[in-house]
There are 2 protein chains.
Amino acid sequence: MSIDIECIHRVLSSIIEIDDKEWEYFSGLFEVKDFKKKEILLHADTICKNIFFVNTGLLRIYFTDNNGRESSFHFVPENDFATDYESFLQHTPSKCYIQALEDTNVVIISNNVVLDGYKKLRYGEKLGRKLSEKYFILYCNKIHALYTLTPIERYRVMNKLFPYILQRVPQHYIASYLNISPVHLSRLKNEQD
Amino acid sequence: MSIDIECIHRVLSSIIEIDDKEWEYFSGLFEVKDFKKKEILLHADTICKNIFFVNTGLLRIYFTDNNGRESSFHFVPENDFATDYESFLQHTPSKCYIQALEDTNVVIISNNVVLDGYKKLRYGEKLGRKLSEKYFILYCNKIHALYTLTPIERYRVMNKLFPYILQRVPQHYIASYLNISPVHLSRLKNEQD
């Protein structure tokens, strides 16, 4: 098996059983691509036609408001998936951008291939359910944190969720992820040291 | 078919094909129950063992922070589902409360029945995937709104999502849902009239 698709094979196989024949067919439809640091993988207001699986590197998902102010919403490291699932499923304009924060190598799975996989893999629907559940729960927790946690509590949750974050992500993106100012973030970091 | 399970049959049948035999078996495992206004269906810090489908009435899902301050997170009217899916799936203590805002009649589907349904209904996994996707997208939009929309924009989105809300939900719950003060909500309402 090509080294480019070993990681995604391991991740998917940890969720459902996929036999060699299924894998050979399914993975033959993947594309592998490199993106340079700062490059945009998905633009807001375009239709999201792919799911991206990160082999190496790091992605950032962010929104912009009416004034063009960016809000970092999520970070996607190695062995994890990134997409705008609403746009992907419903063919509506994407609400978010996906950007490489480092030189990043991804497996690209197009809309047709994903929907084909849900139907044709023996446990395809289960895979879709499990992945949807995983991200659904992740986002529930994010909402819970935004509503009920103090900035220092959100900072601690973030460090558990993204243990690499302080080393790999610029501070202003982290501050915007936490919905606090960069000055406030700096104070929180000092308090933790 | 009992009138108590007609609505949920219609909703599930709009997502997947369920034949009469499957339905007879599956729905035979449902429970139907009345809750009085203000009654709690799920307490935070307990394991959520059920999914609730609202036949008539209205539910509120809310969090409390460390100071006991409540944040209304979501409203669940007729023909919709309520649960703490993370607690339900992972048997972890629930983060939220579910409360009846009106006298409410629900279909209760227990954890065993749901997981059994995913496995035994012909399209059970697809049903799980579609429902997870629906709520995943709903929560993505909520996060997007919290990060990028102004209070007046959030107010308009809420009115589209819950067209009954101003008539049926106490104002302080609506304000907390929008993450604004009741005074601010009152001003927004006046500006819209």
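Here the structure is a predicted model, which means the values were calculated and not measured.

## Describing the sheet that holds strand S2 (residues 40-42) of chain B
Residue and element names in this part refer to chain B.
Thought 1: Ordered in space as S2-S7-S4-S5, the four strands form an open sheet in which the pairing is antiparallel. Sheet topology places S2 and strand S5 (70-76) at the edges, where each strand pairs with a single neighbour. On average, each strand axis in the sheet is tilted by 30° relative to the strand beside it, whichever way the strands run.
Thought 2: In terms of strand pairing, strand S4 (residues 59-64) meets S5 through six bridges, oriented antiparallel. If you follow Leu-59 over to S5, its bridge partner there is Val-76.
Thought 3: Relative to the sheet, helix H8 (residues 171-178) contacts S4, S5 and strand S7 (97-100), its axis offset from that of S5 by approximately 100°.

## Things to note about the domain arrangement of chain A
Residues and elements named next belong to chain A.
Thought 1: Assigned domains within chain A: domain 1 (3-148) and domain 2 (150-193).
Thought 2: With centres defined by C-alpha atoms, the gap from domain 1 to domain 2 works out at 24 Å.
Thought 3: Across the boundary between the two partners, domain 1 contributes 19 residues, which contact 13 residues of domain 2.
Thought 4: Taking both sides of the interface into account, the surface hidden between domain 1 and domain 2 amounts to around 1,300 Å²; carbon and sulfur atoms contribute 58%.
Thought 5: The interface formed by domain 1 and domain 2 includes two salt bridges.
Thought 6: If you look at where domain 1 meets domain 2, you find four residue pairs in polar contact (both at pLDDT 80 or more).
Thought 7: Going through the elements one at a time, strand S5 (70-76) and helix H5 (124-148) are the ones with two or more residues in the side of domain 1 that touches domain 2.
Thought 8: A total of six residues in the side of domain 1 that touches domain 2 trace back to one element, the largest contributor, which is S5.
Thought 9: Among the residues making up the side of domain 1 that touches domain 2, the classes are represented as eight nonpolar, six polar and five charged.

## Some remarks on the state of the cysteines
Thought 1: Within the structure shown, the criterion is met by zero disulfides over all chains.
Thought 2: Free of any disulfide, Cys140(A) has its nearest neighbouring cysteine sulfur in Cys96(B), separated by 8.2 Å.
Thought 3: Note on Cys140(A): relative accessible area 17%, which makes it buried.

## Here we look at the interface of chain A and chain B
For interface size, the figure often reported is the accessible area lost on association.
Thought 1: Facing the 36 residues of chain A at the interface are 36 residues of chain B.
Thought 2: Between chain A and chain B, a total of about 3,400 Å² is buried, with carbon and sulfur atoms accounting for 68% of that surface.
Thought 3: Its largest share of buried area at the contact with chain B, chain A owes to Arg129(A), Phe136(A) and Tyr147(A), together 24% of the area lost on that side.
Thought 4: Residues Glu125(A) and Arg129(B) are paired through a salt bridge, measuring 2.5 Å at the closest nitrogen-oxygen approach.
Thought 5: Counting only elements with at least two residues in the side of chain A that touches chain B, the list comes to strand S4 (59-64), S5, helix H3 (85-90), H5 and helix H8 (171-178) of chain A.
Thought 6: Counting residues per element, the side of chain A that touches chain B draws most heavily on H5(A), which supplies 18 residues.

## Re the packing of aromatic side chains
All names here are of chain A.
Thought 1: Scanning all chains against the criterion turns up 33 aromatic pairs over all chains.
Thought 2: Each ring, one from Tyr-85 and one from Phe-88, has its centre 6.0 Å from the other, and the planes form 15°; the classification is stacked. Taken together, the positions of Tyr-85 and Phe-88, both in helix H3 and three residues apart, correspond to about one turn of that helix.
Thought 3: We classify Tyr-85 as buried; its relative accessible area is 7%.

## Quick word on the nonpolar core
Thought 1: Ile8(A) and Ile8(B) are the most contacted members of the largest nonpolar core, which totals 94 residues.
Thought 2: Setting aside chain neighbours within four positions, we find Ile8(A) in contact with Trp23(A), Phe30(A), Phe53(A), Phe81(A), Val107(A) and Ile109(A).

Rules used in this analysis
Residues numbered from 1 in each chain as written. Chains lettered and ligands numbered in written order. Predicted model: local features only at pLDDT ≥ 70, side-chain atom pairs only at ≥ 80, totals over all residues. Heavy atoms only, no water. Pairing = 2+ DSSP bridges. Helix = DSSP H or I, 4+ residues; strand = E, 2+ residues; numbered from the N terminus. Axes fitted to C-alpha atoms, helices over the stretch in contact; angles between N-to-C directions. Contact = heavy atoms within 4.5 Å. Domains from an automatic or database assignment. Buried area = accessible area lost by both parts, 1.4 Å probe. Salt bridge = Lys/Arg side-chain N within 4 Å of Asp/Glu carboxyl O. Polar contact = N/O pair within 3.5 Å; in protein donor to acceptor, adjacent residues only side chain to side chain. Nonpolar A, V, L, I, M, F, W, Y, C, P; charged D, E, K, R; others polar. Disulfide = S-S within 2.5 Å. Buried < 20%, exposed > 50% of the residue type's maximum accessible area, 1.4 Å probe, protein only. Phe/Tyr/Trp six-rings, centres within 6.5 Å; stacked < 30°, edge-to-face > 60°. Core = buried A, V, L, I, M, F, W, Y, C linked by side-chain atoms within 4.5 Å.

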